[in-house]
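Remarks on the overall topology
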Amino acid sequence: MSGPQSSETDVQLEEILIHTIAGMLEGLRHVAVGASSPVPGAAALLARARSGEATRVSVLGSEDHNFFTDGGKELFDCAGQGRIDAFFLSGAQIDGKANINLVSIGDPDLPKARFPGSFGSGYLYYVVPRVILFRLEHTKRTLVEQVDFISAPGFCEPNVYRPGGPFAMITDRCLFDVDKARRRFVLKSVHPGETVESIAENTGFDYDVPDAVPTTALPDADTVALMRGRIAGEIAEIYPAFARRVFGLEKAA
Amino acid sequence: MTEMVTSLEALAAKVTDGAQIALPPDYSGCANALWRAVIRRGVRDLHLVGVPVFGYHGDLLIGAGCVAVAETSAVTLGEHGLAPRFTAAVKAGSIIVKDATCPAIHAGLQAAERGAPFSVMRGLIGSDILARRADWKVIDNPFGDNDPVVAIPALTPDLAVFHAAKADRHGNVWIGVRRELMVMAHAARDTLVTVEEIVDGDLMADPVTKAGTIPGLYVTALAEAKEGSWPQGLPATDLVSDHAHLARYAEMAKTADGFAAYLAEFVTGREAAE
């Protein structure tokens, strides 16, 4: 991915995404980051740095940024108790009802494509209040009318325990809000270089479009410096290839 | 008494056809040297259980034709992408996948470790994970009012198999904070462990090490295997993942021929080194 250019700096798309997600984590007590999540991981670490370390961050797979001591189950137990305020989920497909598919395309028993699997989504999507969906390939292939396999549903019947659910969805083209009452996505902002029309052309589900849709804000110079310095070093522990590609950084010895 | 085994081959002989085996994720302690010995034995029809996911070692076993069932919340090579032999086997219909979600695997093992018939959990309702698991049941919370919860039956693997930093001659195994290994050992009927080092003395004598130690009570057999998690690293040691090798695996394993060449070079061809 090559990032759009701003007039002041060479801010990359990933940096806009990291900055935007970090803005949704302000004031939270505890943010957890799961598998295959370098952009959310960097965003959580950025939010922590800007909070003066008031926000706790637990990154799966990290030894430096993970304070769990009771094994693999503790993240889920912690979330089930309401001790985790935000988490991140993606999907090979995500549909207009915020259902996510991390499993397969076509018949699950003989699929056309098979992905790693649902990970913790079949639980965390239900119990974490602020689940931020991210999909860094925004096309009609990925953002679909109806997913082929529901790893976790966007919404549930009223009698199902569901303190958690979708809070927003960020893609490589735009940011969507979630209207929980109407169970629909709402276009919130478009990233530099995109338009309301280009989003419509590349989205496979219906969503709401307000009269005014701003361009997603760019990070300021201090934030960019923080990302490229401290945050790049922190995320490199878990995602060395990502840190190298986006920030040009090798993992510290 | 924990059996102290002097060769990887002798430990691998305890992994029998059709066994249900709990595996840790790549960031915990993977007994990769042992798995190479198991593949050299030509074991078949294993039922792998990812706790709660598995990676390189499971993909290797699937590619080598050792696996009938993969019960897991995911199979992934992390930053190295999709697990290629798992993906190919699923698309070919040559293995059965029992998709789960992480806390459901933990819930099943936790029921097993306490000798209970099942655990209950939130989540899952309305998902296709649940719809495709006839062995999981939605029940009404007996203490609630119109409150459906999911019952996950006890998951009692035949074997838990992992690698750890050290053990003593009493069979006590130090795992530090990687306590999913503790749950696996509690839940499984038998536990096979490889360690970097078998140390003198008693790991239970010092409360600092005791807190992170699986008592020999749960450990069926163990063997020493230096760099036994390679190409994966090992927490709380100097062993870090060999990412160059894992990237090479991910590339070679994309095709059946490439995978066969990988096996020849790094598994069957590695016997003398192990």
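Residues numbered from 1 in each chain as written. Chains lettered and ligands numbered in written order. Predicted model: local features only at pLDDT ≥ 70, side-chain atom pairs only at ≥ 80, totals over all residues. Heavy atoms only, no water.

1. Some remarks on the overall build of chain A
When you go through chain A residue by residue, the secondary structure sums to seven helices and twelve strands. Taking 18 Å as the expected radius of gyration for a compact globule of 253 residues, we find that chain A reaches 18 Å, a close match to that expectation. Oriented by its inertia axes, the alpha-carbon framework of chain A measures out at about 45 × 45 × 35 Å. Taken across its 253 residues, chain A has 59% of its residues classed as buried. Pairs at least 24 residues apart make up 68% of the contacts formed inside chain A by residues separated by at least 6 positions. Split by element, the accessible area of chain A, about 10,200 Å² in all, is 49% carbon and sulfur. When the 25 positive and 33 negative side-chain charges of chain A are each reduced to one mean point, those points stand 4 Å apart. (Helix = DSSP H or I, 4+ residues; strand = E, 2+ residues; numbered from the N terminus. Rg over C-alpha atoms; globule rule 2.2 N^0.38 Å. Buried < 20%, exposed > 50% of the residue type's maximum accessible area, 1.4 Å probe, protein only. Contact = heavy atoms within 4.5 Å. Areas by Shrake-Rupley, 256 points an atom, 1.4 Å probe, with all protein chains shown as cover. Lys, Arg positive; Asp, Glu negative; His and termini not counted. Charge placed at Lys NZ, Arg CZ, Asp CG, Glu CD.)

2. Digging into the domain arrangement of chain B
Residues and elements named next belong to chain B. Partitioning chain B into structural domains gives domain 1 (3-102 + 155-260) and domain 2 (118-153). Computed from C-alpha coordinates alone, the two centres of domain 1 and domain 2 are separated by 29 Å. With six residues of domain 1 at the interface, the matching set in domain 2 holds seven residues. Linking domain 1 with domain 2 are two salt bridges. When the shortest N-O distance is used, the salt bridge between Lys98 and Asp135 registers 3.7 Å. The residue makeup of the side of domain 1 that touches domain 2, split by class, is two nonpolar, one polar and three charged. (Domains from an automatic or database assignment. Salt bridge = Lys/Arg side-chain N within 4 Å of Asp/Glu carboxyl O. Nonpolar A, V, L, I, M, F, W, Y, C, P; charged D, E, K, R; others polar.)

3. Overview of helix α3 (residues 56-63) of chain B
One turn of the α-helix equals 3.6 residues, which is why residues spaced by three or four share an orientation. With seven of eight residues buried, α3 of chain B lies mostly within the body of the structure. Turning to α3 of chain B, its buried residues are Tyr56, His57, Gly58, Asp59, Leu60, Leu61 and Ile62 of chain B.

4. Brief notes about the sheet that holds strand β9 (residues 143-144) of chain A
All names here are of chain A. With mixed pairing, three strands are arranged side by side in an open sheet as β5-β4-β9. The sheet is open, and its two borders are formed by β5 (100-101) and β9, each paired with just one other strand. Bridge analysis of strand β4 (residues 93-95) against β5 gives two bridges, and the strand direction is antiparallel. Bridge pairing links Ile94 to Ile100 in β5. (Pairing = 2+ DSSP bridges.)

5. As for the nonpolar core
With 80 residues, the main nonpolar core has Leu133 and Phe176 of chain A together with Val173 of chain B as its most contacted residues. Inspection of this core shows a minimum of three residues originating in each of domain 1 (3-102 + 155-260) and domain 2 (118-153) of chain B. Among residues more than four places away in sequence, those in contact with Phe176 of chain A are His138, Leu143, Ala168, Met169, Phe185, Val186, Leu187, Lys188, Ile199, Thr203, Phe205 and Tyr207 of chain A. Within the second largest apolar cluster, 52 residues are counted, among which are Ala19, Ala37, Ile39 and Leu159 of chain B. (Core = buried A, V, L, I, M, F, W, Y, C linked by side-chain atoms within 4.5 Å.)

6. What to know about the sheet that holds strand β8 (residues 148-153) of chain B
Residue and element names in this part refer to chain B. Spatially, three strands are ordered β6-β8-β7 in an open sheet, and the strand pairing comes out antiparallel. Each edge of the open sheet carries a strand with a single partner, namely β6 (118-121) and β7 (137-140). Between one strand axis and the next, the sheet turns through 40 degrees on average, direction left out of account. One ladder, built from four bridges, connects β6 with β8; its direction is antiparallel. Note that in β8 the partner of Met121 across the bridge is Val150. Here helix α5 (residues 102-113) sits on the sheet and contacts β6 and β8; the angle it forms with β6, its principal contact strand, is near 145 degrees. (Axes fitted to C-alpha atoms, helices over the stretch in contact; angles between N-to-C directions.)

7. Quick look at the interface of chain A and chain B
Tallying the contact residues gives 42 residues for chain A and 41 residues for chain B. Between chain A and chain B, roughly 3,300 Å² of surface is buried when both sides are summed, and carbon and sulfur atoms account for 59% of that area. Area buried by chain A at its contact with chain B is led by Arg114, Pro116 and Phe119 of chain A, which between them contribute 19% of it. For the interface between chain A and chain B, the tally reads three salt bridges. The closest approach of N and O atoms between Asp109 of chain A and Arg132 of chain B, which form a salt bridge, is 2.7 Å. The interface formed by chain A and chain B includes 18 residue pairs in polar contact (both at pLDDT 80 or more). If one sorts the elements of the side of chain A that touches chain B by residue count, helix α4 (residues 121-127) of chain A sits on top with four residues. Among the residues making up the side of chain A that touches chain B, the classes are represented as 24 nonpolar, eleven polar and seven charged. (Buried area = accessible area lost by both parts, 1.4 Å probe. Polar contact = N/O pair within 3.5 Å; in protein donor to acceptor, adjacent residues only side chain to side chain.)

8. Quick word on the packing of α3 of chain B against helix α10 (residues 256-266) of chain B
All names here are of chain B. Packing of α3 against α10 leaves a shortest axis separation of 11 Å and a crossing angle of 105 degrees. Considering the angle they form, α3 stands roughly perpendicular to α10. The segment α3 lies against α10, with Tyr56, Leu60 and Gly63 engaging Phe259, Tyr262 and Leu263. For the contact of α3 with α10, the per-class residue count stands at five nonpolar, one polar and no charged. (Parallel < 35°, antiparallel > 145°, perpendicular 65-115°, else oblique.)

9. Some points on the pattern of salt bridges
Residue and element names in this part refer to chain A. This structure, assessed with the given rule, holds 30 salt bridges over all chains. Measuring nitrogen to oxygen at the nearest pair gives 2.7 Å for the salt bridge that ties Arg228 to Glu15. Placement of Arg228 in helix α6 (residues 221-236) and of Glu15 in helix α1 (residues 13-23) is noted, with a sequence separation of 213 residues between them. What makes Arg228 partly exposed here is its relative accessible area of 32%. Owing to a relative accessible area of 0%, Glu15 belongs among the buried residues under this scheme. Residues Asp70 and Lys73 are paired through a salt bridge, measuring 3.0 Å at the closest nitrogen-oxygen approach. Residue Asp70 is classed as partly exposed on the basis of its relative accessible area of 30%. Sharing partners across several salt bridges, the network here consists of Arg48, Glu53, Arg230 and Glu234.

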